[in-house]
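For reference, the chains in residue letters:
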Amino acid sequence: MTIAQAKTGRQNWATNVQFQAKKFEAPETIEQLQEIIQAASKIRVVGAGHSFNDIADTSGTLISLDGLAKFVEIDRDQHTATFHGGMTYIDIAPVLHRAGYGLANLSSTPHTTVIGACMTGTHGSGDGNKALADQVSALEMINADGELLQLSRATHGEKFKGMVVALGGLGVVTKVTVDLVPTYLMQHEFYRQLPLANMLAQFDEMMASGYSVSIGSRWQSEMAELVLIRRKLADDQAVPVSPAFYGATLIGGELFANYPMERITFQENGTAAPWYERLPFFNIRSTIAGENERQSEYFVARKHGVDALRAVNALGDQMSSIIKITEIRTIAADELWLSAAYQQDCVGIHFSWVAKDEEIYRFLPILEDALAPFNPRPHWGKMFAMAPADVRGRFPKMADFQALLSEFDPQGKFMNDYLAKYVSPSA
Ligand SMILES: Cc1cc2nc3c(=O)[nH]c(=O)nc-3n(C[C@H](O)[C@H](O)[C@H](O)COP(=O)(O)OP(=O)(O)OC[C@H]3O[C@@H](n4cnc5c(N)ncnc54)[C@H](O)[C@@H]3O)c2cc1C
């Protein structure tokens, strides 16, 4: 069998994780992939490698699905799209739009694979918008024995809720089916210098003022630096933009002087474009380098959101040397067992850090202590320092997920150090 030259990078996108895998493979057919899985004693698959920790790593064989031929099949009766497990949102979004379809939401970068994003509970923003994994209605997956399984919301009911945000622990997903919505146009509006006092006093009102709202703060002054509102357009018509937002003022492109403009979706306030040109922060035509970026994110129940933000604000001085920006978003509750929004509407408090790893890991326990009264759930794909038992304890369906792991992978072929630490019942 000819296995294609592995294209997999030996490190993650941010370059803070050097993969320890002994072998890297990029099969070109499903049959090759099945053989590789059957032959391996330890194996994982890496998507775009955008996670900031070792969740994708393995001591054995690390697979990339980049070698598989790309396809998108649209089912116009079911309003779903199916594509292979190595494909990114960049691969699928324009195809869906041309076919008259859209996805309900996206994260800030379309550069991730769809399934890699869903496996870690990736989300965008919006009071009514759930984590991206909620869009997934079916998976084709190869299990540890090399068998091709068909799994779906319709046929697997309750258990399917544990299969999409699954940290890559159950097998290698070869096909993903997602629910579609009719395509739509959006506009966005950027405001600067939002008084923190206003944000804390009128948080719910502000977050409800668009289809998707993000607030960015560095916690270094009395102001949040940035507000980003994404509006879904009825009749595809742009609507007038207000010059002010709760004390913040409308801005042009000057705030992004440090970003090459072609990298980001921000072009001009109040101009209509397809959903995938407005929902993410990063432009689908860009390539973004990761060595200067680190990220962490914690989710608290919506009812604790404002108090949690106050607690973060009190730490402004202590994070001054590492904070690039915090992005505050809202996520609607879902039923996915390992989702941070499992049965609770959430506020996501995301931190983009300067790439000073030692300082970040010194600060994370301080941040986590401050958030502890609000029972934060960490983002599975970002940096955190919480004790493994605390992580497990924050996910009420963890025992069910552990049972699913044992059922799908009794020999622990897909088990890696990360899963052993944070998920395994014996850890
Ligand atoms: C610039 C940037 C912006 C980001 N913005 C957001 C954001 O807005 N919101 C948010 O929530 N997160 C965000 N993230 C985090 C990111 O979405 C997650 O880390 C996501 O998991 C990355 O997807 P990936 O394709 O790179 O997956 P990887 O990091 O490669 O893998 C993640 C997990 O998925 C598993 N996996 C991948 N492919 C398969 C497969 N075919 N079958 C089974 N398992 C598989 C891997 O084994 C691993 O466990 C951002 C990250 C970056 C770098």
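Just so we're clear, the structure is a prediction, and the values are computed from it rather than from any experiment.

## Regarding the overall build of the protein
Piece 1. Scanning the protein for helices and strands turns up eleven helices and 20 strands.
Piece 2. The C-alpha radius of gyration of the protein comes to 21 Å, within 12% of the 22 Å expected for a compact globule of 427 residues.
Piece 3. The 427 residues of the protein split such that 59% are buried.
Piece 4. Averaging the locations of the 37 positively and 48 negatively charged side chains of the protein gives two centres separated by 2 Å.

## Concerning the pairing of strand β18 (residues 323-331)
Sheet faces and side chains relate simply in a regular strand, where the side chains alternate between the two faces.
Piece 1. With respect to burial, β18 is a largely interior element, seven of its nine residues being buried.
Piece 2. Pairing of strand β12 (residues 212-217) with β18, which is carried by three bridges, proceeds in the antiparallel orientation. Directly across from G216, in β18, lies its bridge partner E327.
Piece 3. Judged from the eight bridges that link them, β18 and strand β19 (residues 346-353) form a sheet pairing that is antiparallel. Bridge pairing in β19 links I325 to S352.

## Focus: the state of the cysteines
Piece 1. Under the counting rule described, the total for this entry stands at zero disulfides.
Piece 2. Of all cysteine sulfurs in the structure, the one in C346 sits closest to C118, which takes part in no disulfide; the separation is 16 Å.
Piece 3. Residue classification places C346 among the buried positions, given a relative accessible area of 0%.

## Thoughts on the environment of A387
Piece 1. Note on placement: A387 falls in the loop between β20 (377-378) and α9 (388-393).
Piece 2. Judged by its relative accessible area of 39%, A387 is partly exposed.
Piece 3. Residues A387 and T330, 57 residues apart in the sequence, show an inter-C-alpha distance of 25 Å.

## Quick look at the pairing of strand β11 (residues 185-195)
Piece 1. Where burial is concerned, most of β11 is hidden: nine out of the eleven residues are buried.
Piece 2. Bridging between β11 and strand β16 (residues 273-274) involves two bridges; their strand directions are antiparallel. Residue L185 lies in a different strand from β16, and its bridge partner there is P274.
Piece 3. Examined bridge by bridge, β11 and strand β13 (residues 223-232) share nine bridges and lie antiparallel to one another. Each residue of the ladder has a partner; that of P195, found in β13, is M223.

## Things to note about the site of the ligand
Piece 1. Within the structure, the ligand sits among 37 residues, and V45, G47, H50, S51 and T113 are positioned closest to it.
Piece 2. Contacts to the ligand include V173, whose backbone N or O atom sits 2.8 Å from a nitrogen atom.
Piece 3. Within the complex, the protein chains bury 99% of what would otherwise be the 960 Å² of accessible surface of the ligand.
Piece 4. Mapped by element, the contributors of at least two residues to the shell around the ligand are β2 (43-46), α3 (114-119) and β9 (172-179).
Piece 5. Looking at the shell around the ligand element by element, the count peaks at four residues for α3.
Piece 6. The residue makeup of the shell around the ligand, split by class, is 15 nonpolar, 19 polar and three charged.
Piece 7. Two domains each put at least three residues into the shell around the ligand: domain 1 (1-65) and domain 2 (72-182).

## Thoughts on the sheet that holds β2
Piece 1. Spatial strand order, β1-β3-β2: three strands in an open sheet with parallel pairing. Each edge of the open sheet carries a strand with a single partner, namely β1 (23-25) and β2. When the angles between neighbouring strand axes are averaged without regard to direction, this sheet yields 25 degrees.
Piece 2. Bridge count for β2 against strand β3 (residues 61-64) is four bridges, and the pairing is parallel.

## Concerning the sheet that holds strand β8 (residues 148-152)
Piece 1. The strand order across the open sheet built from five strands is β4-β5-β9-β7-β8, with neighbouring strands paired in antiparallel fashion. Edge strands, defined here as strands with exactly one partner in the open sheet, are β4 (72-75) and β8. On average, each strand axis in the sheet is tilted by 15 degrees relative to the strand beside it, whichever way the strands run.
Piece 2. Here strand β7 (residues 136-142) pairs with β8 via five bridges, running antiparallel. Looking at the pairing, E140 lines up with Q150 of β8.

## Description of the domain arrangement of the protein
Piece 1. Looking at the assigned domains, one finds that the protein contains domain 1 (1-65) and domain 2 (72-182).
Piece 2. Placing a centre on the C-alpha atoms of domain 1 and another on those of domain 2 gives a separation of 20 Å.
Piece 3. Each side of the interface is counted separately: domain 1 has 14 residues, and domain 2 has 21 residues.
Piece 4. Of the roughly 1200 Å² buried between domain 1 and domain 2 on both sides combined, carbon and sulfur atoms contribute 71%.
Piece 5. Applying the counting rule to domain 1 against domain 2 returns four residue pairs in polar contact (both at pLDDT 80 or more).
Piece 6. At the level of elements, α1 (30-39) and β2 are the ones that each hand at least two residues to the side of domain 1 that touches domain 2.

## Comments concerning the pattern of salt bridges
Piece 1. Throughout the structure, instances matching the rule amount to 17 salt bridges.
Piece 2. Across the salt bridge formed by K161 and E158, the nearest N and O atoms sit 2.9 Å from each other.
Piece 3. Under the relative-accessibility criterion, K161 is labelled partly exposed at 25%.

## Here we look at the side chain of T330
Piece 1. Examined against the element boundaries, T330 turns out to sit in strand β18.
Piece 2. Setting aside residues no more than four positions away along its own chain, T330 makes contact with G124, S125, G126, D127, F203, M207, R302, C346 and V347.

Each value, and the rule that gives it
- Residues numbered from 1 in each chain as written.
- Predicted model: local features only at pLDDT ≥ 70, side-chain atom pairs only at ≥ 80, totals over all residues.
- Heavy atoms only, no water.
- Helix = DSSP H or I, 4+ residues; strand = E, 2+ residues; numbered from the N terminus.
- Rg over C-alpha atoms; globule rule 2.2 N^0.38 Å.
- Buried < 20%, exposed > 50% of the residue type's maximum accessible area, 1.4 Å probe, protein only.
- Lys, Arg positive; Asp, Glu negative; His and termini not counted.
- Charge placed at Lys NZ, Arg CZ, Asp CG, Glu CD.
- Pairing = 2+ DSSP bridges.
- Disulfide = S-S within 2.5 Å.
- Near = heavy atom within 4 Å.
- Polar contact = N/O pair within 3.5 Å; in protein donor to acceptor, adjacent residues only side chain to side chain.
- Areas by Shrake-Rupley, 256 points an atom, 1.4 Å probe, with all protein chains shown as cover.
- Nonpolar A, V, L, I, M, F, W, Y, C, P; charged D, E, K, R; others polar.
- Domains from an automatic or database assignment.
- Axes fitted to C-alpha atoms, helices over the stretch in contact; angles between N-to-C directions.
- Contact = heavy atoms within 4.5 Å.
- Buried area = accessible area lost by both parts, 1.4 Å probe.
- Salt bridge = Lys/Arg side-chain N within 4 Å of Asp/Glu carboxyl O.

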